[in-house]
Amino acid sequence: MEERSWSALALVLTLSLDGCVCSTYTLSDAAGLGREFDGIGGLSGGGATSRLLVNYAEPYRSQILDFLFKPNFGASLHILKVEIGGDAQTTDGTEPSHMHYENDENYFRGYEWWLMKEAKKRNPNITLVGLPWAFPGWVGHGKNWPYDTPDITAAYVVRWIQGAKQWHDLDIDYVGIWNERNFDINYIKVLRRTLDKVGLTDVGVIAADGDWSVAKSINSDPSLSDAVQVIGAHYPGTTTVPDALKSQKKLWSSEDYSTYNDEQGGGCWARILNQNYVNGQMTATIAWNLVASYYKDLPFGRDGLMTAEEPWSGHYVVNSPIWITAHTTQFTKPGWFYLQTVGHLDHGGSYVAMTDGAGNLTVVIETMTRDHSVCIRPPLPPFDVTPQNATFQLKGSFASIRELHLWRSRFNFKTKQPTLFEELRPLKVSGGSFTLNLCEDEVYTVTTVPSGRKGAHPEPPASSPFPKLYKDDFNNRNPPFSEAPNFADQTGVFEYFVNLSASGSHVSTLRQVLTQRPVTWVADADQTISVIGDYQWQNVTVACDVFMETVGKGGVFVAARVDKGGQLVRSAKGVFFWIFSDGTFKVTNDLAGLTVLAEGESGTRANTWYTMSLTVDGNYASGQLNGYTLWKNAVVLGPQNGWAAIGTRSFELAQFDSFSVAA
C-alpha cells in the first residue's frame, strides 16, 4: 500500500461480505489539532454579479437571501466577500465607486452595502471581506497603476472601510490588495500603516488575491509579514506551495469554483471544499460567485452558488452548490479546528473532520468522480472512485460518542434524479467506530451537531422572459439603490440624477457620471454602455430621451441587438444609433464605431433634450429624431439578436429619460 502523507490514517484493508473493499480510518485529537477553520463564503462582485438581485420584489428577494445567509437553512455562509466598486468593468459589469472623484464621497451607491447588511441581519457573525478590482481614474493620477500613488490608494480603500462603519454600522474584517494583479510590497505596508493609523488594527490584510508568490516575500521580509494576516490565492487547484506553509499564515482560497451550477458544478464544489484543506491546508474557501444574478448571456453565465436572474418574474433556482455548502457550514463554525487525521479515501474521495474543542465532531466525506465533478477553473487532477466501505474509528475525546447525525447527498447522474442534503437515521457508534457504505458521487456529513435543516420557501413563480414591452421614466427611484432596475452597466456608471435645472418631465433622469477612464481591470470600452432586456430579441424598437452635456465632442446612442458584454464589451456588435453635439449623426454596426451603416447631419447640440428612436426589423434598421425619420433602411447583416442599450461616445456626462423598448 502506498505511503500516505496525512497523519494517523489507519492501514487496515479487508474484504467485506458483499465483495466491497474496506478501509479503516482513525479520527482523533489525541496528538493535537490541525489548523483553525475560518469558514466557507461567497463573492459578490468581480463584477456586478448581484446586479439583478436587488430588483427582485418581496418576498422573493428575502427568500433568496435566506438560502444564502440564514443559519441552518440553506448555504448558511460564514463569509461574504464583496467588490470595492471602482467604476470599471470587472467581469460582468461595472460597480460604482464610493468616490468617483477626489472630492466626492457617497456611501449609498450600488448594492454591496445593502447586501452586507442583509447578510449581517441573518447571521450577525458573518465575516465581511472587501477587495478592489479597479479604481477611479483619479486614484492612479491618470495612470493604470495605483501602486505609483500608494498613500492615495490606501486612503481610498480605508475610506471605504470607514464609510461602511459610519453609514451602515458594518465592521469589515478583512481587506485585499488588488484582485489578480501583481502585488507591491510597499503598497501592502502602506495599507497596513494607514489602517493602523486610523484605529483599524483589527482589519486583517489579505495578500495577494492571485497566486501564492507573495509567500516567498513574506518569509524574507519581517515587516511585510507583520502587515499580512492572510495569504489568499485564487483557483489554487486544492494545492499550495512550501513557502506558503512555511509562513505560518492563514491560507485561504480567496476565490474559487467559477463553475456552471448544475449537478456537475455541485460535485466540483464538494471536492474543492474538502480537498482545499486535505491537499493544501486552506482554512477558508470563497466561491465566485455568490449568486448568478446577472444576464445569463454575459460571460460566465450561471457560475453562482444559486441562480436569480429573473427579477421581472420572481423566478429563482436553488442549485446543488447551496446544499453541498450546507454539508459543511450547517455543522461547523469559524473558530473550530480541523483534526490532524484527515485525508483521501483509499478508493477515491476524501474526508475532513473538525471539532469545536468542546466535544462536538463533524466529518464531511465526498466520493465525487472525475466525470461528474468537473471544475472549469482550474480542473482538478483526475482520479477514480470505486464503491467502498469506510470504517471510522473514534479516539481521543471522541471515543465516548455513541450516536451521530447523518446527512447525505446523492447525485445519481445515471437517473438524473439527485437527492440533496437528505437527513438519514442517526448512526449508532459501536465499539468506538461506525461504517459507511460509500458509492460514487456522494457527500456525507456525520456529526454530533443536531441543528441541521433543509430550509424551504414556497415555490417561486415560473420562469418567463423579459417583458416585450418595457418602460422606465426613472421617476420611481428605488432607495437605497443608485441604479435603475434591470440596466446592467458594462462600461461607465449610470446613476439616478435629480436635475434641478430641468423643467417639465426631465427632473429625475438616469445620468452617465464618469468623465475620466478608471484604473481598469479588463479592457473597458472607450465608450460607456448599459444593456437591458432579452438577449434573444431580434426585431425591436428602442426609444429614449437623451441630453448631451459635452459641447462639440459629446455624443450618445441607443442600440439594439448588442451581442457582447462583460469582459468582451469592447468588441460588442449590434445596431448603434448615435447623435453628436456637433450636429451630426451616425449609425454603426459596432460599439467602437468602425463599421458605419449610415451618417449625416442631425442639427443636434449639447444641453438640449432629444427623443431618439431606433427600429430594427429583419435586415433593415431606421431611426427617428424627435418623431421625424432621420434615416431608414440601413442594411444590417448581423448580429441577429441581442440586448437593447444606451450609452455615450466617451467618458462624459449625459442624461437619459423616458426609456422604452418594444420587442
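Relevant structure appears above.
*Asks:* Account for the overall build of the chain, naming residues and giving values.
*Replies:* A count of helices and strands for the chain gives 9 helices and 37 strands. For the chain, buried positions account for 62% of its 663 residues. The long-range fraction of contacts in the chain, counting pairs at least 24 apart against all pairs at least 6 apart in sequence, stands at 72%. Counting only carbon and sulfur atoms, one obtains 50% of the accessible surface of the chain, whose full area is about 24200 Å². Counting 53 positive and 69 negative side-chain charges, the chain places the centres of these two groups 1 Å from one another.

*Asks:* Can you tell me about the sheet that holds strand β7 (residues 174–175), naming the residues and giving the values?
*Replies:* One closed barrel accounts for 8 strands, arranged β4-β5-β6-β7-β8-β9-β10-β11; its pairing is parallel. Together, β5 (79–84), β6 (127–132) and β7 form the strand contacts of helix α3 (residues 150–168), whose direction differs from that of β5 by roughly 130°.

*Asks:* Break down the nonpolar core for me, citing the residues and quoting the values.
*Replies:* Most often, soluble globular proteins have nonpolar side chains that are buried together. One finds F69, L80, L191, I579 and F659 to be the most contacted residues of the largest nonpolar core, which totals 177 residues. Look past the residues within four positions of L191 in its chain and what remains in contact with it is A154, V157, V158, V175, G176, I177 and V205.

*Asks:* Explain the packing of aromatic side chains to me, using residue names and the numbers behind them.
*Replies:* For the structure on display, the rule yields 43 aromatic pairs. Relative to F421, the ring of F331 lies with its centre 6.1 Å away and its plane at 45°, an arrangement referred to as tilted. Separated by 90 residues along the polypeptide, F331 in the loop between α9 (320–329) and β14 (337–339) and F421 in strand β20 (residues 419–428) bring together distant segments of the chain. The class of F331 is buried, set by a relative accessible area of 1%.

*Asks:* Explain helix α4 (residues 185–197) to me, and be specific about the residues and the numbers.
*Replies:* Spacing of three or four residues puts side chains on the same side of an α-helix, whose turn is 3.6 residues. The end-to-end C-alpha distance of α4 is 18 Å, a good match for the 18 Å that 13 residues give at a rise of 1.5 Å each. By the burial criterion, the buried members of α4 are Y187, I188, K189, V190, L191, R192, T194 and L195. Just beyond α4, the residue with positive phi is G199, at close to 85°.

*Asks:* Kindly report on unusual backbone geometry, identifying the contributing residues and their values.
*Replies:* The residue after A207, namely A208, is reached through a cis peptide bond having omega 0°. Within the secondary structure, A208 sits in strand β8 (residues 204–210). Residue N289 is bonded to the preceding W288 through a cis peptide linkage, with omega at 5°. In this structure, N289 sits in the loop between β11 (284–288) and β12 (307–310). For A48, which is not glycine, the phi dihedral falls at a positive 60°. Looking at the secondary structure, you find A48 in the loop between β4 (39–44) and α1 (60–69). Despite not being glycine, Y235 shows a phi value in the positive range, around 50°.

*Asks:* Residues and numbers for a nonpolar patch on the surface, please.
*Replies:* On the surface, Y260, V374 and I376 cluster together into a nonpolar patch covering about 260 Å² of accessible area. Here I376 is to be found in the loop between β17 (361–366) and β18 (388–394).

*Asks:* Can you tell me about empty space enclosed by the protein, naming the residues and giving the values?
*Replies:* Overall, the coordinates contain 5 cavities of 30 Å³ or more when judged by the stated rule. Looking at the largest cavity, its volume works out to about 100 Å³. Lining the largest cavity are 13 residues, with G85, P96, R109, E112 and W113 positioned closest to its centre. Empty space within the second largest cavity amounts to approximately 60 Å³. It is helix α2 (residues 112–122) that provides the largest number of residues to the lining of the second largest cavity, a total of 3 residues. Looking at the lining of the second largest cavity, its residues break down into 6 nonpolar, 2 polar and 1 charged.

*Asks:* Please provide a residue-by-residue account of the layout of surface pockets, values included.
*Replies:* One water molecule sets the probe size; rolling that probe over the atoms shows where empty space is left. Of the pockets and cavities examined, the largest pocket occupies roughly 390 Å³. In terms of residue class, the lining of the largest pocket is made up of 8 nonpolar, 10 polar and 1 charged. Residues of the lining of the second largest pocket, tallied by class, amount to 7 nonpolar, 4 polar and 5 charged.

*Asks:* Describe the packing of helix α8 (residues 263–280) against α9, listing the residues and the values that go with them.
*Replies:* A pair of packed helices is captured by two measures, namely the crossing angle of their axes and the spacing between those axes. Where α8 meets α9, the closest approach of the two axes is 8 Å, and the angle between their N-to-C directions is 25°. The angle between α8 and α9 falls in the class roughly parallel. Classified by chirality, the crossing of α9 by α8 is right-handed. Facing E263, G265, G266, W269, A270 and L273 of α8, the residues of α9 in contact are S320, P321, I324 and T325. Of the residues contributing to the contact of α8 with α9, the split by class is 5 nonpolar, 4 polar and 1 charged.

*Asks:* Go over the packing of α2 against α3, please, and point to the residues and values.
*Replies:* Here α2 crosses α3 at 60°, and the two axes come no closer than 12 Å. Classified by the angle between their axes, α2 and α3 sit oblique to one another. For the element pair α2 and α3, the recorded crossing hand is right-handed. Contacts between α2 and α3 pair W113, M116 and K117 from the former with W160, G163, A164 and H168 from the latter. The residue inventory of the contact of α2 with α3, partitioned by class, reads 4 nonpolar, 2 polar and 1 charged.

*Asks:* Lay out the pattern of salt bridges with the relevant residues and their values.
*Replies:* With the rule as written, the count across this model stands at 22 salt bridges. Residue K428 pairs with E403 through a salt bridge whose shortest N-O separation is 2.4 Å. Taken together, the positions of K428 in strand β20 and E403 in strand β19 (residues 403–410) put the pair 25 residues apart, joining distant regions of the chain. Of the residues examined, K428 reaches a relative accessible area of 59% and is grouped as exposed. Where salt bridges share partners, they join D66, E118, K121 and R122 into one cluster.

What counts, and at which threshold
Residues numbered from 1 in each chain as written. Predicted model: local features only at pLDDT ≥ 70, side-chain atom pairs only at ≥ 80, totals over all residues. Heavy atoms only, no water. Helix = DSSP H or I, 4+ residues; strand = E, 2+ residues; numbered from the N terminus. Buried < 20%, exposed > 50% of the residue type's maximum accessible area, 1.4 Å probe, protein only. Contact = heavy atoms within 4.5 Å. Areas by Shrake-Rupley, 256 points an atom, 1.4 Å probe, with all protein chains shown as cover. Lys, Arg positive; Asp, Glu negative; His and termini not counted. Charge placed at Lys NZ, Arg CZ, Asp CG, Glu CD. Pairing = 2+ DSSP bridges. Axes fitted to C-alpha atoms, helices over the stretch in contact; angles between N-to-C directions. Core = buried A, V, L, I, M, F, W, Y, C linked by side-chain atoms within 4.5 Å. Phe/Tyr/Trp six-rings, centres within 6.5 Å; stacked < 30°, edge-to-face > 60°. Expected span 1.5 Å × (residues − 1). Patch = residues over 30% accessible without salt bridge, like charges linked within 9 Å, V, L, I, M, F, W, Y side chains within 5 Å. Salt bridge = Lys/Arg side-chain N within 4 Å of Asp/Glu carboxyl O. 1 Å grid on protein atoms, 1.4 Å probe; cavity = no way out; pocket = protein on both sides within 12 Å on 5 of 7 lines; lining within 4 Å. Points joined across faces, edges and corners; volume = space filled by probe spheres on them. Nonpolar A, V, L, I, M, F, W, Y, C, P; charged D, E, K, R; others polar. Parallel < 35°, antiparallel > 145°, perpendicular 65-115°, else oblique. Left-handed = near helix turned anticlockwise from the far one by under 90°.

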